[in-house]
Amino acid sequence: MLIYYAFIISIILLGSVTVGPLSIRVYATVVMMLLLIYNKIKQKQDYITIDHSFVKIYIIFVIMMGFAQLINGEIFEYQYFKRLLAYHLVCVVSFLSIEYFLNTKEELNRTILLLSFVMLINNLTTILQFTGNELGWTIGMLFGDIQNSIEFSDMHDTLLGVSRTPGIFGGVVNNAFAIAVLAPLNLCFVDESSKLIAKIYAFVSFGFAVVACFMTQQRAAFYLLMFCLAVYLFVAIKKSAIVFVVLGVLAILFVDNFNFDNIDLGRLSQTTDDARSDLYKHALEFISKHPILGGPMSFQRMSGLSSHNVALDSWIFAGFFGFITMMILICKTLISGIKTFIEGLNIAGQNRYMIFCSIAVINAMLYGFTHNTSYLTGEVLIFIALALMLKSSKLNMK
């Protein structure tokens, strides 16, 4: 199991740490892939299988993206084969590794705890960065080039209202994405059968996640985390509709009567984003002119950025057929996440693992509609959360 835990740490944190021509994440992925192949051939252990259709559809999408870029002439400019090795292969191997190594509730607990420790370090680092502490920036530099964020911080008295805290994920968007996806997993430890120390750790760790997410000033991530908190409150009061309605009414009265004028929420209080609206407009114009094959590099030369929307980007990056495949994959993932969430609620005593692992998956899907972090970009945390959700469902049935 040690090699499995080392692999999980490597693929999450060491994508920017290189040894020779490749990153440690790629080396770890190749080693894990060879180990899985060896174990499969030798049939060294039985394991609980999970649904591979997500991975199969994902592979089809990646192949379609390659064909589209080969025909439109952008495959080498986009660095397709480098991304294939550094991102997409990592996603597939991470999914299969969790399927193979994680077969008991104890192993599920240990994996979630490992992810929780990583996020606790990230959240504390993010808070240090937001408050201008040099230690936070020093830790962040170990995992990526964040010099621009450091220089920006040095020139400003506060980071409230801007988005410049990368944590240990190399960039603020990835940082907020990681918090939105992994923070809900902490709440798996607040089951009635959990020990008091586990519950205290879960609440403290989740609390730091909320604070750190606020300090990223990423609206989508923060709202998704608030949704997770609302779900926890609903679960905690035993699905009592009356109590939930009363709490909702009290919250509304509090909001209506409380003076928020002196509270500065920074970017979180902004309701419009003209820059993103312009990206969407440019994306739709580009798609109308390149409806079959798309062209990611051509679009980025025109707009300067990707469209920051997985639906539009999948069409631009992989053409019409890639777009259709991606929409099938996202819809299938969302449906599976919602189904698992409902099943977790309806199980006698409620299954916190199914509930909050499914929220992690749902958050990952929704975040991709406002940011450049999704299946398309090969975000490994999606596949980790997805595999954990599928495993939690199987383990409950076992």
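One can find the structure itself at the top, above this paragraph.
Residues numbered from 1 in each chain as written. Predicted model: local features only at pLDDT ≥ 70, side-chain atom pairs only at ≥ 80, totals over all residues. Heavy atoms only, no water.

(A) Main features of the overall build of the chain. Each helix and strand in the chain was counted, giving 16 helices and two strands. C-alpha atoms of the chain, sized along the principal axes, occupy 60 × 55 × 40 Å. Within the chain, buried positions represent 52% of all 398 residues. Taking the contacts inside the chain whose residues are at least 6 apart along the sequence as the reference set, 74% of them involve residues at least 24 apart. Taken as a whole, the chain presents about 18500 Å² of accessible surface, with 67% of it coming from carbon and sulfur. Across the chain, the centroid of the 26 positively charged side chains sits 12 Å from that of the 24 negatively charged ones. (Helix = DSSP H or I, 4+ residues; strand = E, 2+ residues; numbered from the N terminus. Buried < 20%, exposed > 50% of the residue type's maximum accessible area, 1.4 Å probe, protein only. Contact = heavy atoms within 4.5 Å. Areas by Shrake-Rupley, 256 points an atom, 1.4 Å probe, with all protein chains shown as cover. Lys, Arg positive; Asp, Glu negative; His and termini not counted. Charge placed at Lys NZ, Arg CZ, Asp CG, Glu CD.)

(B) Highlighting the nonpolar core. Ranked by size, the top nonpolar core spans 123 residues in total, and within it Ile12, Tyr375 and Leu388 carry the most contacts. Here the element with the most residues in this core is helix H14 (residues 310-346); it accounts for 15 residues. Not counting residues up to four positions away in its chain, the partners in contact with isoleucine 12 are Leu115, Val118, Phe169, Leu381 and Ile384. (Core = buried A, V, L, I, M, F, W, Y, C linked by side-chain atoms within 4.5 Å.)

(C) Local environment of a nonpolar patch on the surface. Together, Val30, Leu34, Ile37, Ile41 and Leu85 make up an exposed nonpolar region whose accessible area comes to about 430 Å². With four residues, the top contributor of residues to the nonpolar patch is helix H2 (residues 24-42). One can find isoleucine 37 in helix H2. Isoleucine 37 gets classed as partly exposed once you look at its relative accessible area, which sits at 43%. (Patch = residues over 30% accessible without salt bridge, like charges linked within 9 Å, V, L, I, M, F, W, Y side chains within 5 Å. Salt bridge = Lys/Arg side-chain N within 4 Å of Asp/Glu carboxyl O.)

(D) Up close: the packing of helix H12 (residues 274-289) against helix H13 (residues 296-303). In contact at an axis separation of 11 Å, H12 and H13 are set at 135 degrees when each is read in the N-to-C sense. Here H13 runs oblique to H12, going by the angle between their axes. Taken as a pair, H12 and H13 cross one another with a handedness that is right-handed. The residues of H13 that touch H12, namely those facing Leu279, His282, Ala283 and Phe286, are Ser298, Phe299, Met302 and Ser303. (Axes fitted to C-alpha atoms, helices over the stretch in contact; angles between N-to-C directions. Parallel < 35°, antiparallel > 145°, perpendicular 65-115°, else oblique. Left-handed = near helix turned anticlockwise from the far one by under 90°.)

(E) View of the pattern of salt bridges. Enumeration over the complete set of coordinates arrives at two salt bridges. A salt bridge links lysine 332 to aspartate 51; the nearest nitrogen and oxygen atoms lie 3.8 Å apart. Note that lysine 332 is positioned in helix H14 and aspartate 51 in the loop between H2 and helix H3 (53-72), a separation of 281 residues in sequence. On the accessibility criterion, lysine 332 (28% relative accessible area) is partly exposed. For aspartate 51, a relative accessible area of 35% puts it in the partly exposed group. Glutamate 77 is paired through a salt bridge with arginine 301; the nearest N and O atoms lie 2.4 Å apart. Highlighted residues: glutamate 77 in the loop between H3 and helix H4 (80-101) and arginine 301 in helix H13, separated in sequence by 224 residues.

(F) Representation of helix H8 (residues 172-182) in the model. The element H8 is extensively covered by neighbouring structure, given that nine of its eleven residues are classed as buried. Every buried residue of H8 is accounted for by Val172, Asn175, Ala176, Phe177, Ala178, Ile179, Ala180, Val181 and Leu182.

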